[in-house]
Structures are given as structure tokens and as C-alpha cells.
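Examining the three-dimensional arrangement
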Amino acid sequence: DTEVTQTPKHLVMGMTNKKSLKCEQHMGHRAMYWYKQKAKKPPELMFVYSYEKLSINESVPSRFSPECPNSSLLNLHLHALQPEDSALYLCASSRGGSGNTIYFGEGSWLTVV
Amino acid sequence: QQQVKQSPQSLIVQKGGISIINCAYENTAFDYFPWYQQFPGKGPALLIAIRPDVSEKKEGRFTISFNKSAKQFSLHIMDSQPGDSATYFCAGFSSGNTPLVFGKGTRLSVIA
């Protein structure tokens, strides 16, 4: 079982809603990530936090807002999403910086209606 | 420069057979090559990984073969089982520097 825990597992939200995805790891990892995965595609990197600071933002629209309250927690705040944002959102973590082996959570399935 | 090319896109193997998935990379700075296994509805799970100073790594029925001069590496699944049916992603990165670069994935179906 993965040691990266994501909640909720499933989320349905309207285009005007505000919701958040949450992620937690207790492996002592200092880098945390958000990926987006569409069906039959590889995960696409969205954000990287390294030592609780945002180090990579892959030109993600501002309707996605990451937050790293501490080294174990990572949130993704969602607002005014579009139906094409429906996807599996994966949280991951790694020891040290962004060039280390990444361990994924089970993901949060997001449907935007 | 950043791409990892993976083939085939899909693969059907008889139970007990050998499944082979191939990847090629372009970035010579890559120094770590993990493989991830993903079942439907689940996140990718790290399966096995190799560094380019090793030509082969074996863990149970899973073997990575690495050819540094050709910039290619492959995953071999021996005695393939229906439970191995999943999508497999190869990846590469430069340690301490760049995040993972994924291949496009291979959908493996092992039939009885």
C-alpha cells in the first residue's frame, strides 16, 4: 500500500464550486508533487514543492492553486474549473529535491459538471 | 531532449509467456530509470528501477536490461500472469535536478 494518502478518492463539482484535494505523507520526504492524469495517458506534472516552497509550476491555470502547509501536507485548491479538467489527480512525494524517486498516492478522481 | 519513447503501445501475452516493453531516451543527463505499474483506478506504483552503471537488474519475475550506448532500456516480465495486466510506464530523470519524464505507457494484457 502506498504511504501517500489522498482525499477524497472521488469528487464531483460544478464549474462554480470551490473544493480542495488533500494529500499527506509520513515518509519524511521533502518534495511533494501534484500530477494530472487523463485516461490512457501518462501523468503530467503540475506543481513541485521542495522543502515547502513552490519550485516548479508547469504553467498551470490559476484555477488550480497549490498549498503546502508543512512538509507532510499538500493541498490543491480548485475554483471555477472546466469540464476538461476532469481527470485523476495524483499526489506524490520524494526524498530531497525533485530529481529523486517519486512515490504516488492512489489519486483523487475529479469530475467537473 | 527530454523525451522518453516507449513501445509498444499495447501488448497481449499468453499466460506463462515473456512480456517485453522497450524504452529509449534522449537526455544523456538522465541517470535513473524507474518503471511504474498502474492498475485501473489506482496510482502508479514503483516496480523496479535501474541506474546506467548497471546493465541488468532483476527482481523476481521482473528484469530491466539497460544499454547505455544505445540509450535504450527494456522491461522483461517472465512467466507473465493475468495479475500482471496493467499499464506500465518507463521514466527517466537526472538525480537531484529534473522531475520524472514519463514514456507514453504500455497497456499489457495477459490472457489465459
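Scroll up to find the structure.
Computed from a predicted model, the values in this text were never measured in an experiment. (Residues numbered from 1 in each chain as written. Chains lettered and ligands numbered in written order. Predicted model: local features only at pLDDT ≥ 70, side-chain atom pairs only at ≥ 80, totals over all residues. Heavy atoms only, no water.)

Thoughts on the overall build of chain B
Cut-off, in case you're wondering: Helix numbering and strand numbering both begin at the N terminus, where a helix is a DSSP run of H or I of at least 4 residues and a strand a DSSP run of E of at least 2. As defined in this context, the radius of gyration uses C-alpha atoms, and a globule is described by 2.2 Å times the residue total to the power 0.38. The buried label goes to any residue with under 20% of its type's maximum accessible area, the exposed label to any with over 50%, and the partly exposed label to all in between, with areas taken from a 1.4 Å probe on protein chains only. The criterion used for residue contact is that any of the two residues' heavy atoms lie within 4.5 Å. All tallies of charge rest on Lys and Arg as positive and Asp and Glu as negative; His and the ends of each chain are not included. Each charge is placed at NZ for Lys, CZ for Arg, CG for Asp and CD for Glu.
Within chain B, the regular secondary structure consists of 0 helices and 11 strands. Going residue by residue from the N terminus, the α and β elements of chain B occur as β-β-β-β-β-β-β-β-β-β-β. Taken over C-alpha atoms, the radius of gyration comes to 13 Å for chain B, in line with the 13 Å a tight globule of 112 residues would show. Of all 112 residues assigned to chain B, the portion counted as buried reaches 47%. Counted over contacts in chain B with a minimum sequence separation of 6, partners at least 24 positions apart contribute 53%. Charge centroids of chain B, computed over 11 positive and 7 negative side chains, lie 6 Å from each other.

Remarks on the pattern of salt bridges
All names here are of chain B. The following threshold applies: Here a salt bridge means any side-chain nitrogen of Lys or Arg lying within 4 Å of a carboxyl oxygen belonging to Asp or Glu.
Applying the stated criterion across every chain yields a total of 5 salt bridges over all chains. Between Lys-57 and Glu-59 there is a salt bridge; the shortest N-O distance is 3.7 Å. In this structure, Arg-61 engages Asp-84 in a salt bridge whose closest nitrogen and oxygen atoms are separated by 2.8 Å. Here the residue Arg-61 occupies a position in the loop between β6 (56-59) and β7 (62-67), and Asp-84 occupies one in the loop between β8 (72-77) and β9 (86-92), the gap between them amounting to 23 residues. Looking at Arg-61, the relative accessible area reads 29%, which means it is partly exposed.

Details of the pairing of strand β5 (residues 45-50) of chain B
Residue and element names in this part refer to chain B. Note the following rule: Note on pairing: two strands pair once DSSP finds at least 2 bridges between them.
In this sheet, β5 lies alongside strand β4 (residues 33-38) in antiparallel orientation, the contact comprising 5 bridges. Bridge pairing in β5 links Trp-35 to Ile-48. Two successive antiparallel strands, β4 and β5, enclose a turn made up of 6 residues, where Gly-41 displays a positive phi of approximately 80 degrees.

Description of the interface of chain A and chain B
For clarity, the cut-off: The buried area of a pairing is the accessible area, by a 1.4 Å probe, that goes missing from both parts when the two are put together, added over both. Charged means Asp, Glu, Lys or Arg here, nonpolar means Ala, Val, Leu, Ile, Met, Phe, Trp, Tyr, Cys or Pro, and polar covers whatever is left, Gly included.
With 20 residues of chain A in contact, the opposing surface of chain B contributes 21 residues. Buried area between chain A and chain B, both sides added, is near 1500 Å², and the carbon and sulfur share of it is 60%. Run the count over chain A and chain B and you get 0 salt bridges. For the side of chain A that touches chain B, the secondary structure elements donating two or more residues are β4 (31-37), β9 (87-94) and β10 (103-104) of chain A. Here the residues of the side of chain A that touches chain B sort into 11 nonpolar, 6 polar and 3 charged.

Things to note about the side chain of Asp-84 of chain B
The exposure class of Asp-84 of chain B is buried, given its relative accessible area of 5%. Not counting the four nearest positions on each side in its chain, Asp-84 of chain B is found in contact with Gln-37, Arg-61, Phe-62, Ile-77, Asp-79, Leu-108 and Val-110 of chain B.

Focus on the pairing of strand β7 (residues 64-70) of chain A
Within a regular strand, side chains alternate between the sheet's two faces. All names here are of chain A. Where β7 lies against strand β8 (residues 73-79), 5 bridges are found, and the strand directions are antiparallel. The partner of Asn-70 across the bridge, within β8, is Leu-73. Linking β7 back to β8 in an antiparallel pair, the connection comprises 2 residues.

Let's talk about the packing of aromatic side chains
Using the following cut-off: Here a pair means two rings of Phe, Tyr or Trp (six-membered ring of Trp) with centres within 6.5 Å. Their orientation is stacked below 30 degrees between planes, edge-to-face above 60, and tilted elsewhere.
Under the defined criterion, the tally for this structure stands at 18 aromatic pairs over all chains. With centroids separated by 5.5 Å and ring planes inclined at 85 degrees, the aromatic side chains of Phe-104 of chain A and Tyr-36 of chain B adopt a geometry described as edge-to-face. One end of the pair, Phe-104 of chain A, is in strand β10; the other, Tyr-36 of chain B, is in strand β4, on a second chain. The exposure classification of Phe-104 of chain A matches that of Tyr-36 of chain B, with both residues buried. Between Phe-33 of chain B and Phe-73 of chain B, the ring centres sit 4.9 Å apart and the planes meet at 50 degrees, which makes this aromatic pair tilted. Within this pair, whereas Phe-33 of chain B is found in strand β4, its partner Phe-73 of chain B is found in strand β8, the two being separated by 40 residues in sequence. The buried category is assigned to Phe-33 of chain B, whose relative accessible area is 0%. Assessed through its relative accessible area of 2%, Phe-73 of chain B is described here as buried. These aromatic residues form a ring-pair network of at least three members: Tyr-33, Tyr-35 and Phe-104 of chain A together with Tyr-36, Phe-89 and Phe-102 of chain B.

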